[in-house]
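Inside the fold
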Amino acid sequence: MIRRVSLLLVGALMGATAMSVIYSAGVPAQAAGNSTYRELSIFGDVFERIRAQYVTPPDENKLVESAINGMLTSLDPHSVYMNAKDAADMQTQTRGEFGGIGIEVTMEEELVKVITPIDDTPGAKAGILAGDFISEINGESVRGLKLEEAVEKMRGAVNTPIKLTILRQGADKPLDITVTREIIPIRAVKSRVEGDVGYLRVISFTEKTYDDLEAAIEKIKKDVPADQLKGYVLDLRLNPGGLLDQAIYVSDAFLERGEVVSTRSRDPQDTRRFNATAGDLTDGKPVVVLINGGSASASEIVAGALQDLKRATVLGTRSFGKGSVQTIIPMGDKGALRLTTALYYTPSGSSIQGTGIEPDIKVEQPLPEELQGKVRTEGESSLPGHIKGQNENEEGSGSVAYVPPEAKDDVQLNYALDLLRGVKTDPAFPADPQKAALQ
């Protein structure tokens, strides 16, 4: 297995979940022309006018930050300046752990509802139960807060206490529970056995993804004898991306050989190629990869590699279509610049920028009645200012990103299970690596 690769991060700009390629680098800049410096002088004059004469005293730091982001927004949707807090949040996402109490939550009736406490975390040990409602955090009401704001308040430095006021069904009064924060690992892979099939859902590509995937496969192999295990479903739906090295490791977990991905920048000499090595963790069992409009960037790298090398059959709907690479350049005061510096290509040499991965077997997931007309197709090609892909056309990229909460209603998953069990047949299944044009 590949275990050493430059740290890169790939992902899509999708609502509040934005991930890109991370690569710390110092790049020498060429001097700008005289006309450029004259324009910068005008910018300085405008800044001074605003600072001195605007009707109310402006926040000078916000002015500068907004100006920088305005410049970057003119390039593409994924280039952005991150202040110290944003940069720290990004590092937390890529590490796959944070300081917190270990509960999965949602918002219901303006209160934070506990879906489940995570085993062996402070929340579980303190007695927080599924179904509890959190009404106050450190004495402050959660009413009026967005879910992400409430979650942010519950996160914090390790070994610091937090007091939660809990409303519990059957209790005659609110409960005050004090919990001490600890490092909480974020599960990057969820898995289960579907009878005679192993189900692997990759949620995001953090530093923990490959290790989580390896452990999940080993558990499935222990739970189901090899002669009974029909194969695996690799679910990449609603996966916005993450670390490129982890996308390569995940691809390599199913491969014996072949190029996984290449990245190409403005200078052709900077092209980089990443190859798989021998060692298929699944012992060559059939694999079906699920994708939809929520599968972006790093997840598209995995789907594209397994599809091109004919290691897996890709099923679902067209993916998001983000094929650009962002370099993270540290700036002053612990901020960082996320700048698009390259495009990535699948083993066949195709760029999915603005087009996405087209599944081998197209299976639409019906929307429930309450969501019909309320969910629209989103993709890279619909983002204003996106880099136009070399293969992009009017059809564009993306599709509806919806996965039912219950497996019994999941048409795409059940189609994959039927393929693996032989209930359904299709010329694209099973995939045969020996028939891949690229080895």
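Residues numbered from 1 in each chain as written. Predicted model: local features only at pLDDT ≥ 70, side-chain atom pairs only at ≥ 80, totals over all residues. Heavy atoms only, no water.

Some thoughts on the overall build of the chain
The helix and strand tally for the chain stands at nine helices and 23 strands. Its C-alpha atoms give the chain principal-axis dimensions of about 75 × 70 × 45 Å. Across the 439 residues in the chain, those meeting the buried criterion constitute 45%. Considering only residue pairs separated by 6 or more positions, the chain has 71% of its internal contacts joining residues 24 or more positions apart. (Helix = DSSP H or I, 4+ residues; strand = E, 2+ residues; numbered from the N terminus. Buried < 20%, exposed > 50% of the residue type's maximum accessible area, 1.4 Å probe, protein only. Contact = heavy atoms within 4.5 Å.)

Structural notes on the packing of helix α6 (residues 209-223) against helix α7 (residues 244-252)
Orientation of α6 relative to α7, taken along the N-to-C sense of each, is 25 degrees, at an axis distance of 9 Å. What the angle tells us is that α6 and α7 run roughly parallel. Pair α6 / α7 crosses with right-handed handedness. Packed against α6, whose contacting residues are T209, Y210 and L213, the element α7 presents Q246, Y249 and V250 at the interface. (Axes fitted to C-alpha atoms, helices over the stretch in contact; angles between N-to-C directions. Parallel < 35°, antiparallel > 145°, perpendicular 65-115°, else oblique. Left-handed = near helix turned anticlockwise from the far one by under 90°.)

Re the pattern of salt bridges
Once the charged atoms of two side chains with opposite charge are near each other, the side chains can pair. The final tally for this structure, using the stated rule, is 21 salt bridges. Between R237 and D410 there is a salt bridge, and its shortest N-O distance comes to 2.7 Å. One end of the pair, R237, is in the loop between β15 (231-235) and β16 (241-243); the other, D410, is in the loop between β23 (361-362) and α9 (411-421), and 173 residues separate them in sequence. The partner of E395 in a salt bridge is R318, and the shortest N-O contact between them spans 3.0 Å. Note that E395 is positioned in the loop between β23 and α9 and R318 in the loop between β20 (313-316) and β21 (324-330), a separation of 77 residues in sequence. A residue is classified by how much of its surface remains accessible, and E395, at 59% relative accessible area, is exposed. Each member of the salt-bridge network shares a partner with another, and the members are E48, R51 and E60. (Salt bridge = Lys/Arg side-chain N within 4 Å of Asp/Glu carboxyl O.)

Digging into the nonpolar core
Burial of nonpolar side chains together is a common tendency in soluble globular proteins. Of all hydrophobic cores here, the largest spans 45 residues; its most connected members are L200, L234, L236, F254 and V289. Mapped by element, the contributors of at least two residues to this core are β14 (197-202), α6, β15, α7, β17 (259-265), β19 (287-291), α8 (298-308) and β22 (336-345). Grouped together as the second largest cluster of nonpolar side chains are 18 residues, I101, V142, M154 and I166 included. (Core = buried A, V, L, I, M, F, W, Y, C linked by side-chain atoms within 4.5 Å.)

Here we look at the environment of P117
Within the element layout of this structure, P117 appears in strand β7 (residues 111-117). A sequence separation of 12 residues divides P117 from V105, and the C-alpha atoms of the two residues are 8.7 Å apart.

Describing the side chain of E380
Tracing the backbone shows E380 in the loop between β23 and α9. K322 is the oppositely charged side chain nearest to the buried, salt-bridge-free E380, at an N-O distance of 6.2 Å. Contacts of E380, omitting those with residues within four sequence positions, involve H78, F320, G321, K322, Q353, G354, H386 and S397. (Lys, Arg positive; Asp, Glu negative; His and termini not counted.)

Things to note about a nonpolar patch on the surface
Together, I42, V46, I50, Y54 and V55 line one region of the surface with nonpolar side chains, adding up to about 480 Å² of accessible area. Looking at the element boundaries, I42 is found in helix α1 (residues 34-53). (Patch = residues over 30% accessible without salt bridge, like charges linked within 9 Å, V, L, I, M, F, W, Y side chains within 5 Å. Areas by Shrake-Rupley, 256 points an atom, 1.4 Å probe, with all protein chains shown as cover.)

Focus on the packing of aromatic side chains
Tallying each qualifying case throughout the model produces one aromatic pair. When the ring of Y210 is compared with that of Y249, the centres are 5.9 Å apart and the planes differ by 70 degrees; the resulting orientation is edge-to-face. Residue Y210 is found in helix α6, and its partner Y249 is found in helix α7; the two are separated by 39 residues along the sequence. Summarising the burial analysis for this pair, Y210 and Y249 share the class buried. The ring of Y345 has R264 lying over it, and the distance from NZ or CZ to the ring centre is 3.9 Å. (Phe/Tyr/Trp six-rings, centres within 6.5 Å; stacked < 30°, edge-to-face > 60°. Lys NZ or Arg CZ within 6 Å of the ring centre and 35° of its normal.)

Examining the sheet that holds β14
Taking strand neighbours across the sheet as the criterion, the six strands line up as β13-β14-β15-β19-β20-β23 in an open arrangement whose pairing is mixed. Edge positions in the sheet fall to β13 (189-194) and β23, since each of these pairs with one other strand and no more. Each of β13, β14 and β15 touches α6; the most contacted strand, β13, lies at about 15 degrees to it. Here α8 sits on the sheet and contacts β15, β19 and β20; the angle it forms with β19, its principal contact strand, is near 140 degrees. (Pairing = 2+ DSSP bridges.)

From the geometry alone we can't say anything about function, so treat these as descriptive.
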